[in-house]
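Chain by chain, the residues:
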Amino acid sequence: ALSAIEPLVGAGLASMDLHGFALDAAASHAACASANRLVVGRDGEALPRAQPQRCARLAELRLRCELTEEDVSRCLAKLPGLRALHVHNPEGGVEPEVIGALGELCGLRCLNLSSCLGNYYEHGEEIADQNTDALSLMAQGLEHLVQLDLSAHYDAFYACVEGEHCPYDALTQMACGLPSLRVL
């Protein structure tokens, strides 16, 4: 828990590179302000919006909670130093609208959406068009994105293979819309 570093914050070691700490309710404002990398939430929980906003130095965030469009615009988009976002949602993926909204995070350099795309076996064939449209919309705002992880092959493939878009063309167009992309 991030609150475990309270003695270090009081000792003036607030500029440490913190990695692997989970944001907890007991963390002081000073501990939050010193954190640059955090894990937030647990499966099935909502994003605690107020807490991440206290983390002025936050550069890397690993989300392990539910994510909504409103969470993206009211919380994540207000983290100007956020450069890497890793979304973990094993409960059937992230809604396409949320993926499209991630385009608001214009400072991102690394985005991990592994296992986040809903596939048509679980969500119906229309999900493929929704996913490709959402990925294209997302790409429009992420001109500095260097790395995009859409791994979990069966999810990425079956998330975009059906529908009116050719998945290869749609994913190629999305990637071409990311001028800084080096790793896909």
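Refer to the structure above for everything that follows.
To keep things clear, this report deals only with the structure shown in the data block. No experiment lies behind these values; they were computed from the predicted model shown.

With that settled, consider the overall build of the protein. Within the protein one finds nine helices and six strands. Within the protein, the proportion of its 184 residues that are buried is 45%. Of all intrachain contacts in the protein linking residues separated by at least 6 positions in sequence, the fraction that spans at least 24 positions is 61%.

A grouping of Glu-69, Glu-95, Glu-97 and Glu-104 is seen on the molecular surface, where their side chains present a negatively charged patch. Mapped onto the elements, Glu-95 comes out in the loop between strand S4 (84–87) and helix H5 (96–101).

So, about the environment of Met-138. Counting through the fold element by element, Met-138 comes out in helix H7 (residues 126–141). Expressed as a C-alpha distance, the spacing of Met-138 and Ala-101, which sit 37 residues apart in the sequence, is 6.3 Å.

Turning our attention to the nonpolar core. Membership of the largest hydrophobic core comes to 48 residues, with the highest contact counts inside it found for Leu-2, Leu-76, Leu-85, Leu-111, Leu-113 and Leu-148. Elements with a minimum of two residues in this core: helix H2 (29–34), strand S2 (37–40), strand S3 (60–63), S4, H5, H7 and helix H9 (167–176). Looking at this core element by element, the count peaks at four residues for H7.

Note that His-86 resides in strand S4. His-86 gets classed as buried once you look at its relative accessible area, which sits at 13%.

Overall, parallel pairing links the six strands, which are arranged S1-S2-S3-S4-S5-S6 in an open sheet. The open sheet has two free edges, formed respectively by strand S1 (21–22) and strand S6 (147–149), since each of these has just one partner strand. When S3 meets S4, the two strands line up parallel, connected through four bridges. Among the inter-strand pairings, Leu-63 is bridged to a residue of S4, identified as Val-87.

Before going further, it helps to spend a moment on the pairing of S2. Put simply, side chains in a regular strand alternate between the two faces of the sheet. In this structure, S1 lies alongside S2, joined through two bridges in parallel fashion. Residue pairing in the sheet places Phe-21 in a bridge with Leu-38 of S2. Once you follow S1 into H2 and on to S2, the crossover reads as right-handed. Pairing between S2 and S3: four bridges, direction parallel.

A separate point is the environment of Gly-118. Summarising the element assignment, Gly-118 is placed in the loop between strand S5 (110–112) and helix H6 (120–123). On a C-alpha basis, the gap between Gly-118 and Asn-131 in space is 7.8 Å, while along the polypeptide they are 13 residues apart.

Before going further, it helps to examine unusual backbone geometry. Most peptide bonds take the trans form, and the phi angle of most residues other than glycine is negative. Positive phi outside glycine occurs at Ser-115, with the angle close to 65°. The residue Ser-115 is located in the loop between S5 and H6 in this model. Residue Ser-115 is classed as partly exposed on the basis of its relative accessible area, which comes to 30%.

Once that is clear, we can look at the pattern of salt bridges. In the structure shown here, the tally under the stated rule is three salt bridges. Where Glu-70 meets Arg-74, a salt bridge forms, and the shortest distance between an N and an O atom there is 3.2 Å. Placement of the pair is Glu-70 and Arg-74 together in helix H4 (residues 69–74), with a separation of four residues, close to one helical turn. Classification of Glu-70 by relative accessible area gives partly exposed; the value is 35%. Under the relative-accessibility criterion, Arg-74 is labelled partly exposed at 49%. Salt bridges sharing partners connect three or more residues here, namely Arg-37, Glu-60 and Arg-62.

Each value, and the rule that gives it
Along each chain, residue indices are assigned from 1 in the same order as the chain's sequence is written. Residue-level local features of this predicted model are given only where pLDDT is at least 70; pairs of side-chain atoms are given and counted only at 80 or more, and the full residue set underlies all totals for whole chains, interfaces and linings. No hydrogens and no water enter the side-chain calculation; it runs on all heavy atoms of the structure. Numbering of helices and strands starts at the N terminus; helices are DSSP runs of H or I of at least 4 residues and strands are runs of E of at least 2. Burial status follows relative accessibility: with a 1.4 Å probe on protein chains alone, a residue under 20% of its type maximum counts as buried, one over 50% as exposed, and anything between as partly exposed. The criterion used for residue contact is that any of the two residues' heavy atoms lie within 4.5 Å. Each patch is built from residues lacking any salt bridge and having more than 30% relative accessible area; the joining distance is 9 Å for like charges and 5 Å for nonpolar side chains (Val, Leu, Ile, Met, Phe, Trp, Tyr). Each accessible area is a Shrake-Rupley estimate made with a 1.4 Å probe; only the visible protein chains count as cover when residues are assessed. We define a salt bridge as a side-chain nitrogen of Lys or Arg found within 4 Å of a carboxyl oxygen belonging to Asp or Glu. Here Asp and Glu are counted as negative and Lys and Arg as positive; His is not counted, and neither are the chain ends. Lysine's charge is taken at NZ, arginine's at CZ, aspartate's at CG and glutamate's at CD. Residues belong to one nonpolar core when they are buried, are Ala, Val, Leu, Ile, Met, Phe, Trp, Tyr or Cys, and are joined through side-chain atoms within 4.5 Å. At least two DSSP bridges between two strands are needed for those strands to be called paired. The path from the first strand over the helix to the second decides the hand: if it runs clockwise while the strands point away from the viewer, the crossover is right-handed.

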